[in-house]
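# Architecture at a glance
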Amino acid sequence: MSLQAITQRKRGFICVNAHPEGCRRNIERQVERIRQAVGAGFKPAPTTMKNVLVIGASTGYGLASRIAAAWAFGAKTLGVFFERAPKGGSTGTAGYYNTVAFHEQAKKDELFAASLNGDAFSDEIKRQAADLIRQSIGSVDLVIYSLASPRRVHPRTGRTHNAALKPIGQPFSSKTIDLNTEKVVTITLEPASEAEIADTVAVMGGADWRMWMEMLAQENLLAKGAGTVAYSYIGPEVTWPVYRDGTIGQAKLDLEKTARDLAATLGPKLGLKAYVSVNKAVVTQASAAIPVVPLYLSVLPRVLKNNEEPIDQMRRLFCDFLAQGDRNLLDETWRVRLDSAELQPEVQAGIARIWPNVTTENLYQLTDFAGFKRAFDNLFGFNVEGVDYSRPCETDLAW
Ligand SMILES: NC(=O)c1ccc[n+]([C@@H]2O[C@H](COP(=O)([O-])OP(=O)(O)OC[C@H]3O[C@@H](n4cnc5c(N)ncnc54)[C@H](O)[C@@H]3O)[C@@H](O)[C@H]2O)c1
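What you see is a predicted model, and the numbers here were worked out from it, not measured in a lab.

## Concerning the site of the ligand
The environment of the ligand is formed by 29 residues, the closest being G56, G60, A120, S149 and T284. Those elements that provide at least two residues to the shell around the ligand are helix 2 (60-73), strand 5 (76-81), strand 12 (222-232) and helix 8 (285-288). Counted by class, the shell around the ligand contains 14 nonpolar, 13 polar and two charged residues.

Okay, structure coming up:
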């Protein structure tokens, strides 16, 4: 037992603790959003998606995927993630408490949930996941790959690959928000070396997704006609030098190639369908770490009317695309496009109009930086509506 009133602790902009009650509210709100979307009460839609493995299931898009699978379809979910448990008076991470709350809600609604906390890049966690699937649900019919990590220890070579978020070929200068000082400044990012490009592809490209899928196929744990989806981002021109045309963009191209390879190798034998879904920009721990993106995420709500959250995007992916096969969501290269509203020319023109005028002095007027900060605090369970932060709260929780 460790009952304590928890105040937010920050190192610079990053929050180093988390609030279990705030995280629980966040989960309840997302579950409610899906419930409302699928109809009054809890009526899972009929689907073949009964058993879903989500890799990167504790925060952001992976968590929203897990919630959508469970509450739209009544799916049994197995979540894999890497989170810190509470220890010696220190709180666990937000992803840890999100998972506690996910299990709590799932139990209430009699939904099967199992979770594995450990390094998804390792052979050991893959083996544990295989054992768990075999023993508990038999096989999986959908695998969501939603990892965002700054590094990967390669399971065969033991080498640590560090991702670098950099432009390629030439330096890139852009306006950005210095999140520690709240000043609008110009940053210059030096171009990545060949080794940094290769390392970023090794971390955020398709190699580990391929390992997961090949392992599941080898172990006979993929149901016939199973699907798999990994997530990508394209974004607006202002971020292209550091995103689409940068090191991370190369990793995302590798992810797309992996989807084609998986469909070609496992498709004929198992009927596997592999997709990359291009999602819209949202505030997550991963996206806030990308240079220029926090400023973009602050301007975006000013011009995008229906600014969907991860749970809204995942409802469309699961209900419209995966369950009903809405082909209108596919582009010419077979990618699922959930980002079309964000990329509409009038939205991007609106961004381009605001962008050059933003200064430190008018940051809060011209952009929704206040909303960005609130959304970022919310990720850690702080600044969440309806939570009384003066009340002591149990931090020593487990699922
Ligand atoms: N956030 C965005 O704006 C955005 C937009 C489009 C696509 N995407 C993509 O969505 C995917 C998920 O990103 P996110 O923004 O939801 O990130 P996130 O930081 O919210 O979530 C990352 C998840 O990966 C898990 N993880 C990290 N390292 C791990 C490891 N070694 N082993 C096991 N689990 C590990 C974390 O525990 C967490 O569950 C990424 O591929 C990202 O590029 C994000």
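## Topic: the pairing of strand 5
Counting buried positions along strand 5 gives six out of six residues, so the element sits mostly inside the fold. Here strand 5 shows no split at all, with K76, L78 and V80 on one side and T77, G79 and F81 on the other all buried. Pairing geometry for strand 4 (residues 51-55) and strand 5, over five bridges, is parallel. By the bridge assignment, V52 is partnered in strand 5 with T77.

## Examining the sheet that holds strand 7 (residues 140-145)
Within the open sheet, the seven strands sit side by side as 6-5-4-7-12-13-14. Their pairing is parallel. A single partner strand is all that each edge strand has here, and the edge strands are strand 6 (113-117) and strand 14 (336-337).

## Focus: the nonpolar core
Counting residues in each nonpolar core, the largest one holds 109 residues, and the members touching the most others are V52, I55, I67, A68, A69, V140 and V143. It is helix 2 that provides the largest number of residues to this core, a total of ten residues. Leave out the neighbours within four places in its chain, and V143 touches L53, W212, M213, L216 and T228.

Procedures and definitions
- Residues numbered from 1 in each chain as written.
- Predicted model: local features only at pLDDT ≥ 70, side-chain atom pairs only at ≥ 80, totals over all residues.
- Near = placed C-beta within 6 Å.
- Helix = DSSP H or I, 4+ residues; strand = E, 2+ residues; numbered from the N terminus.
- Nonpolar A, V, L, I, M, F, W, Y, C, P; charged D, E, K, R; others polar.
- Buried ≥ 20, exposed ≤ 12 C-beta atoms within 10 Å, placed from the backbone.
- Pairing = 2+ DSSP bridges.
- Core = buried A, V, L, I, M, F, W, Y, C linked by C-beta atoms within 7 Å.
- Contact = placed C-beta atoms within 7 Å.

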